[in-house]
Amino acid sequence: MHSQILRDEPGKCPLCGMDLVPVGTNLHQHADTDEHHHTQDNHSGYNKHEGHHTSDFLKRFWISLIITIPILFLSHMIQQWLGFSFTFPGDNIVLLLLGTIIFIYGGMPFLKGMTGEIKAKAIGMMTLVAIAISVAYVYSVAVALGLRGMDFFWELATLIVIMLLGHWLEMRSQAKASKALQSLVALLPNKVTVERAGQQVTINLDELGNGEIVVIKPGEKIPADGLVNEGSSYVNESMLTGESTPVKKEANTKVIAGSVNGDGVLKIKTTGVGKESYLNKVIDLVQNAQAAKSNTQNLADKVAKWLTFIAIGVGLITFLCWLLNSKDLAFALERMVTVMVTACPHALGVAIPLVVAISTTLSATNGLLIRNRTAFEVTRKLSTVIFDKTGTLTKGSHAVEKVVPLTDQYNEDDIIQYAAAIQQNSEHHIAKGVLKQLKDENLELWPSEDFSYIQGVGVKGTVKGKTVVAAGPNYFKQNNLTPPDTPEEIDQNTATINFVLIDNKPAGIISLTDSIRESSKEAITALKQMNIKSYLLTGDNDKVAAAVAKQLGMDGYWANVLPHHKLEKIKELQNNGEVVAMTGDGVNDAPALAQANVGIAVGSGTDVAAETADIILVNSDPKDVVKLIDFGKRTYSKMIQNIVWAVGYNIVAIPLSAGILYPKFVLSPAVGAILMSLSTIVVAINASLLKLEK
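Definitions and limits used
- Residues numbered from 1 in each chain as written.
- Predicted model: local features only at pLDDT ≥ 70, side-chain atom pairs only at ≥ 80, totals over all residues.
- Heavy atoms only, no water.
- Helix = DSSP H or I, 4+ residues; strand = E, 2+ residues; numbered from the N terminus.
- Buried < 20%, exposed > 50% of the residue type's maximum accessible area, 1.4 Å probe, protein only.
- Contact = heavy atoms within 4.5 Å.
- Phe/Tyr/Trp six-rings, centres within 6.5 Å; stacked < 30°, edge-to-face > 60°.
- Lys NZ or Arg CZ within 6 Å of the ring centre and 35° of its normal.
- Pairing = 2+ DSSP bridges.
- Core = buried A, V, L, I, M, F, W, Y, C linked by side-chain atoms within 4.5 Å.
- UniProt positions renumbered as here; feature names shortened; annotations may be inferred.
- Axes fitted to C-alpha atoms, helices over the stretch in contact; angles between N-to-C directions.
- Arc of directions from axis to C-beta.
- pLDDT = per-residue confidence, 0-100.
- Nonpolar A, V, L, I, M, F, W, Y, C, P; charged D, E, K, R; others polar.
- Salt bridge = Lys/Arg side-chain N within 4 Å of Asp/Glu carboxyl O.

Chemist: When you look at the side chain of Q423 in this model, what are you seeing that I'm missing?
Modeler: Positionally, Q423 belongs in helix α15 (residues 412–423). Assessed through its relative accessible area of 4%, Q423 is described here as buried. Q423 has contacts with I430, A431, L435, V459, A470 and N498, leaving out every residue within four places of it along the chain.

Following this line, the structure appears as structure tokens:
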């Protein structure tokens with residue numbers, strides 16, 4: 001599956017020309033997804049399997065294996081080993097024809113791969129294999145036509161068969177790693193029940209639009225993001241967020257496309273259809289992350305490139321040395337072919353891509369969306385994690401605790417109504433709390449005009465001809481004003497203070513409280529155990545910040561910090577040698593998220609639009625920060641293990657292939673190919689062992 005295909009119209013795959021079939025609104029996949037799979041090699045974006053898919057390699061393997069059997073039977077060397085003789089007039093011509101067929105048919109993917117690598121200026125393993133089989137074939141043809149020596153047709157045939165098997169296993173492993181991504185695409189239903197003109201009608205998914213009322217019956221999949229309009233049920237979102245416990249959904253709660261309804265009936269109003277849905281954003285993020293190269297992958301690129309040149313160089317030197325010392329052209333060629341086959345950095349080529357594919361899909365299905373692979377890799381080096389308070393360490397559900405008028409001109413209801421009138425245009429947690437209070441008291445929501453957002457401070461607008469400001473303590477600091485005294489009945493250690501000013505005069509104070517998430521304490525404790533410092537960075541007042549930081553056992557805090565000052569705090573830490581992660585809501589914290597070594601956006605279900613963040617935590621759970629860091633370390637460890645295995649194998653195999661232990665031990669080209677394929681399988685198995693701890 002290709003990332004751009006998800007947004008293309010039905011038709012042909014732009015890379016291979018195969019038919020695409022629709023699987024939902026604006027989503028398409030190959031008609032033979034299970035069989036057709038491209039993998040991206042790590043050489044300048046060159047696709048070593050372009051034009052082939054898993055079934056193609058498997059078909060070539062079986063046909064080549066069948067042709068290899070008579071080649072082995074007719075080979076004089078095999079006959080000598082097994083102690084029998086079978087000759088007839090023209091047997092060398094039959095062997096030549098069979099060898100030519102297997103060279104052209106079985107070797108074609110490698111010959112094409114070599115051409116592609118040369119054109120892309122990305123010499124690699126396909127070039128090595130193509131050179132090895134070409135040298136073996138040309139020499140064997142010469143022997144079949146009269147040159148003195150022993151032909152290599154049997155080794156050519158077995159080499160091609162083993163290499164085809166190795167590539168098929170590699171592609172199957174990578175296809176398996178992408179199964180989770182394909183299963184995401186399959187989450188959407190084909191048919192949808194909607195209410196139109198008072199009637200329930202069934203339509204195709206691609207006919208569904210935003211703003212429609214969709215009826216979700218028990219056990220059905222939810223076709224689009226939306227808000228529950230009517231009904232109550234428990235919804236399973238585990239495939240999307242990793243949360244195994246079904247989540248209760250009732251009026252005005254969000255639902256995510258692809259989740260499965262429980263035993264109740266829901267009517268939802270769609271807000272995100274097709275490419276606007278959270279599911280589609282997840283798919284895009286996963287594919288972009290898989291396509292992006294990390295620093296470790298770039299290291300593997302360089303190692304593979306140099307290993308290829310070394311293998312070709314050692315192969316030529318081996319040929320010349322044996323030819324000059326033994327004067328045996330056949331043996332010298334055999335050693336050269338063995339070096340080139342054995343030294344193919346095949347395992348190195350899949351060492352990183354397999355881990356990338358597995359880790360990205362695994363994290364996405366557990367609520368960790370990786371947008372930046374390099375930043376994800378940096379998580380293993382983190383020394384400091386900065387947390388925003390509201391909505392990150394706390395639940396963000398501010399509830400109005402007290403309303404205190406500061407003048408006889410306005411009462412408590414007036415203060416709430418003026419504040420709600422301008423807050424209705426804001427998505428901030430404080431605004432939601434004020435509007436909820438207005439609704440709970442059954443007060444009228446007044447209209448407002450000239451709304452403006454004062455970054456990091458509050459909101460401003462005109463209500464009933466009066467200029468109204470609802471802001472925190474920073475408003476007074478920014479305007480060099482003295483804030484009014486806060487009444488004793490408001491506990492400044494736990495409450496967030498919001499001042500209401502009418503016509504530039506303080507008219508009242510609204511205090512709101514926010515509860516700390518149950519998992520916040522566990523997250524901070526776990527970070528301490530990992531020797532990672534944690535700090536609170538908030539625009540809230542000093543007393544609230546101090547109380548939260550102390551309760552959670554954090555290493556320190558900064559309070560009354562404006563958005564651009566958050567960025568400066570991050571820079572300050574970085575200048576002191578700290579590797580910093582910033583965890584915030586992705587909106588007010590955008591500058592800090594961009595500046596941090598790792599920007600982590602904490603956002604609920606459908607809120608994945610934090611463009612400045614490197615990683616998004618779907619579940620808004622602080623413990624996921626710990627999970628992310630741990631998973632980052634284990635992912636990097638798998639990458640390094642694979643690189644060490646692949647390179648270490650070549651360090652041992654190349655000298656043996658060159659004949660350093662001759663005559664005690666001689667590594668044949670076929671055995672070299674088997675060992676190389678086994679090395680690839682070991683790397684694939686090691687990558688598949690990567691798990692994300694719950």
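Read on, since the account is not over.
Chemist: Can you help me understand the packing of aromatic side chains in this one?
Modeler: The description of two aromatic rings rests on the distance between their centres and on the angle between their planes. Counting across every chain of the model gives 15 aromatic pairs. Plain terms: the ring middles of F476 and F499 are 5.0 Å apart, the flat faces sit at 80 degrees to each other, and that makes the pair edge-to-face. Within this pair, whereas F476 is found in helix α17 (residues 474–478), its partner F499 is found in strand β18 (residues 495–502), the two being separated by 23 residues in sequence. Side by side, F476 and F499 carry an identical accessibility label, which is buried. When the ring centre of Y105 is taken as origin, the NZ or CZ atom of R60, which lies over that ring, is 4.8 Å away. We note K464 situated over the ring of W446; from NZ or CZ to the ring centre the distance is 3.8 Å.

Chemist: Please clarify how the pairing of strand β13 (residues 384–387) should be interpreted in this entry.
Modeler: On any regular strand, side chains alternate: one points to one face of the sheet, the next to the other face. Here β13 shows a buried face lined by T384 and I386 and a second buried face lined by V385 and F387. In this structure, β13 lies alongside strand β20 (residues 533–537), joined through four bridges in parallel fashion. Residue pairing for β20: V385 is matched across the bridge by S534. Where β13 and strand β22 (residues 580–584) come together, four bridges link them in parallel fashion. Bridge pairing in β22 places T384 opposite V580.

Chemist: Teacher, can you tell me more about the nonpolar core here?
Modeler: The tendency in soluble globular proteins is for nonpolar side chains to be buried as a group. Ranked by internal contacts, the top residues of the largest apolar core, which has 54 residues, are I71, I102, F110, I133, F153 and L156. At twelve residues, helix α5 (residues 125–144) tops the list of elements feeding residues into this core. Discounting chain neighbours no more than four positions away, the residues touching L156 are G99, F103, I133, A136 and Y137. Within the second largest apolar cluster, 43 residues are counted, among which are V385, L527, A549 and A559.

Chemist: Even after reading the chapter, I still don't get the UniProt feature "transmembrane region" (unreviewed entry) in the protein chain, so can you show me in this structure?
Modeler: UniProt records the feature "transmembrane region" (unreviewed entry) for residues 61–81, 93–111, 123–146, 152–169, 303–325, 345–370, 643–662 and 668–690 in the present numbering. Across residues 643–662 one finds 80% helix and 0% strand; the C-alpha atoms that close the span lie 29 Å apart.

Chemist: What am I meant to see in unusual backbone geometry here?
Modeler: Negative phi characterises most residues that are not glycine, and trans characterises most peptide bonds. For the bond from Y662 to P663, the omega torsion is 10 degrees, close enough to zero to count as cis. Unlike most non-glycine residues, A197 shows phi in positive territory, near 55 degrees. Phi at K464 is positive, roughly 50 degrees, even though this residue is not glycine. The topology assignment puts K464 in the loop between β16 (458–463) and β17 (466–471).

Chemist: Teacher, can you tell me more about the sheet that holds strand β19 (residues 505–513) here?
Modeler: Consider a sheet: its strands pair through backbone hydrogen bonds, and that pairing is either parallel or antiparallel. The strand order across the open sheet formed by six strands is β14-β19-β18-β17-β16-β15, and the pairing between neighbours is antiparallel. Both edges of this open sheet fall to β14 (399–405) and β15 (449–454), since each of them pairs with a single strand only. Across the sheet, the axes of successive neighbouring strands diverge by a mean angle of 20 degrees, strand direction being ignored. Contacts between α15 and the sheet are confined to β14, β15, β16, β17, β18 and β19, with β16 contributing the most and set at about 105 degrees to the helix. In this fold helix α16 (residues 429–440) packs onto β14, β18 and β19, with an angle of close to 95 degrees to the strand it touches most, β19.

Chemist: Even after reading the chapter, I still don't get the pairing of β18, so can you show me in this structure?
Modeler: Counting buried positions along β18 gives eight out of eight residues, so the element sits mostly inside the fold. Here β18 shows no split at all, with A495, I497, F499 and L501 on one side and T496, N498, V500 and I502 on the other all buried. Two elements, β17 and β18, share four bridges in a ladder whose sense is antiparallel. Pairing of V469 across the sheet is with L501, part of β18. In the sheet, β18 pairs with β19 via eight bridges, with the strands oriented antiparallel. Bridge pairing in β19 places N498 opposite I510.

Chemist: I tried to follow the environment of V400 on my own but got confused; where do I start?
Modeler: Looking at the secondary structure, you find V400 in strand β14. Dropping the residues within four chain positions of it, V400 is found in contact with G433, V434, Q437, I510, S511 and L512.

Chemist: How should I be thinking about the sheet that holds β13 in this particular structure?
Modeler: Taken in spatial order, the seven strands make up an open sheet running β12-β24-β23-β22-β13-β20-β21, and their pairing is mixed. What marks the edges here is a single partner per strand, and that holds for β12 (368–370) and β21 (556–558). Strand after strand, the sheet turns through a mean of 20 degrees between neighbouring axes, direction not considered. Of the pairings in the sheet, the one linking strand β23 (residues 598–602) to strand β24 (residues 615–617) comprises three bridges and is parallel in character. From the neighbouring strand, A601 faces β24, where its bridge partner is I616. Its contacts with the sheet place helix α19 (residues 542–552) against β20 and β21, and it is angled at close to 155 degrees to β21.

Chemist: Just checking my understanding: could you explain helix α18 (residues 518–529) for this structure?
Modeler: Since the α-helix advances by 3.6 residues per turn, residues separated by three or four positions end up pointing in the same direction. Of the positions making up α18, those classed as buried are S519, S520, A523, I524, A526 and L527. With its buried residues spanning 160 degrees around the axis, α18 presents them on a single face. Among the exposed residues of α18, those oriented more than 90 degrees off its buried face are E518 and Q529. Where α18 is buried, its residues contact β13, α14 (389–393), β20, α19 and α22 (623–658). Phi turns positive one or two residues past the end of α18, at N531, with a value near 60 degrees.

Chemist: Got a minute to help me understand the confidence of the model for the protein chain in this structure?
Modeler: Keep in mind that low pLDDT regions are not for reading the predicted coordinates in detail. In this model, the protein chain carries a mean pLDDT of 78, and residues with pLDDT of at least 70 account for 79%. Counting interchain partners and residues more than four positions distant, the pLDDT-below-50 stretch residues 1–48 has 141 contacts.

Chemist: Could you clarify how one ought to interpret the packing of α18 against α22 in this entry?
Modeler: Angle between the axes and distance between the axes: these two values describe a pair of packed helices. Across the interface, α18 lies against α22 with an axial gap of 7 Å and an inter-helix angle of 30 degrees. Here α18 contributes S519, E522, A523, A526 and L527 to the contact with α22, which in turn contributes K623, V626 and I629. The class makeup of the residues in the contact of α18 with α22 is five nonpolar, one polar and two charged.

Chemist: Teacher, can you tell me more about the pattern of salt bridges here?
Modeler: Where charged atoms from two side chains of opposite charge come close, those side chains can pair. Throughout the structure, instances matching the rule amount to eleven salt bridges. Between E212 and R196 there is a salt bridge, and its shortest N-O distance comes to 2.8 Å. In this pair, E212 is assigned in the loop between β4 (199–204) and β5 (213–216) and R196 in strand β3 (residues 191–196), connecting sequence segments 16 residues apart. According to the relative accessible area criterion, E212 is buried, its value standing at 15%. The class of R196 is partly exposed, set by a relative accessible area of 32%.

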